[in-house]
Amino acid sequence: RLGRDYYVRLDSNDYSVDPRFIGRFVDAAASLTEVIVRIDASPINPSDQGLLFGGADMSTAKASGTADNPVVTASISPAVMKAMAGRLDQSLPVGNEGAGVVTETGPGAVSVAVGDRVMGIWGAGLGPVAVADERMIAKIPAGWSFTQAASVPVVFATAYYALVDLAGLRPGES
């Protein structure tokens, strides 16, 4: 769901998705190239699914909570809990890409302005806002929806890495 942060909470008895709004509003001027983006679309990627449901036995999943604060709880094996020991009682933010509108920029941000529609890679992007480094966002091409744009950044970065860094593709090659 858009409009809230999703955090994974691990405890010794269950593996829960605990959606809580945790304000991350910051003064963009504190960092020269930080940009604050109001999130309009953000996919749940495999890395998010791993944090949300990775070790859970989803056949035991139970929904609880309220419409404003839904909770899903599922059993997790002792072996997986042992492997996750370092993450117990930790909030692990999910949502690493998305699309939205710039609402504030740091004084060193030059490629985007307040009101620009952008897509990009950032952390904890399943909430109402994300704080992004200007170098990790791009303007949304004309005619693209927020949903279309939100599906591109990680896929593009993965393809670029595979072709340029791993395969050594150079300009002029195909």
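So, a few notes on the structure that sits alongside this text. (Residues numbered from 1 in each chain as written. Predicted model: local features only at pLDDT ≥ 70, side-chain atom pairs only at ≥ 80, totals over all residues. Heavy atoms only, no water.)

Once that is clear, we can look at unusual backbone geometry. Positive phi outside glycine occurs at Ala-124, with the angle close to 50°. Here Ala-124 shows up in the loop between β8 (117-121) and β9 (129-133). Looking at Ala-124, the relative accessible area reads 11%, which means it is buried. (Helix = DSSP H or I, 4+ residues; strand = E, 2+ residues; numbered from the N terminus. Buried < 20%, exposed > 50% of the residue type's maximum accessible area, 1.4 Å probe, protein only.)

What follows is about the nonpolar core. Counting residues in hydrophobic clusters, the biggest one holds eleven residues: Val-35, Val-37, Ile-39, Val-102, Ala-109, Val-112, Val-118, Trp-122, Ala-130, Ala-132 and Ile-137. Residue assignment for this core shows that the elements contributing at least two residues are β3 (34-41) and β9. Per-element accounting of this core gives the leading share, three residues, to β3. Listed in part, the eight residues of the second largest apolar core include Ala-41, Ala-99, Ile-140 and Ala-149. (Core = buried A, V, L, I, M, F, W, Y, C linked by side-chain atoms within 4.5 Å.)

For the rest of this paragraph, the subject is helix α4 (residues 153-166). Relative to the 20 Å expected for 14 residues at 1.5 Å per residue, α4 spans 18 Å between its end C-alpha atoms, a close match to the ideal helical length. Directly after α4, the chain includes Gly-168, whose backbone phi takes a positive value near 75°. (Expected span 1.5 Å × (residues − 1).)

Looking now at the side chain of Ser-42. Of note, Ser-42 is situated in the loop between β3 and α1 (46-53). Judged by its relative accessible area of 13%, Ser-42 is buried. In terms of polar contacts, Ser-42 uses its side chain to reach the backbone carbonyl oxygen of Glu-97, at 2.8 Å. Of the polar contacts made by the side chain of Ser-42, one reaches the backbone oxygen of Gly-125; its length is 3.1 Å. (Polar contact = N/O pair within 3.5 Å; in protein donor to acceptor, adjacent residues only side chain to side chain.)

Once that is clear, we can look at the packing of aromatic side chains. Tallying each qualifying case throughout the model produces one aromatic pair. Sitting above the plane of the Phe-146 ring, Arg-117 keeps its charged end 4.4 Å from the centroid. (Phe/Tyr/Trp six-rings, centres within 6.5 Å; stacked < 30°, edge-to-face > 60°. Lys NZ or Arg CZ within 6 Å of the ring centre and 35° of its normal.)

This next bit is on the pairing of β3. As defined by bridge partners, β3 adjoins β9 across five bridges and the pair is classed as antiparallel. Looking across to β9, one finds that Val-37 is bridged to Ala-130. Relative to strand β7 (residues 97-105), β3 runs antiparallel, the two being bridged by six bridges. Following the sheet pairing, Ile-39 is matched in β7 by Gly-100. (Pairing = 2+ DSSP bridges.)

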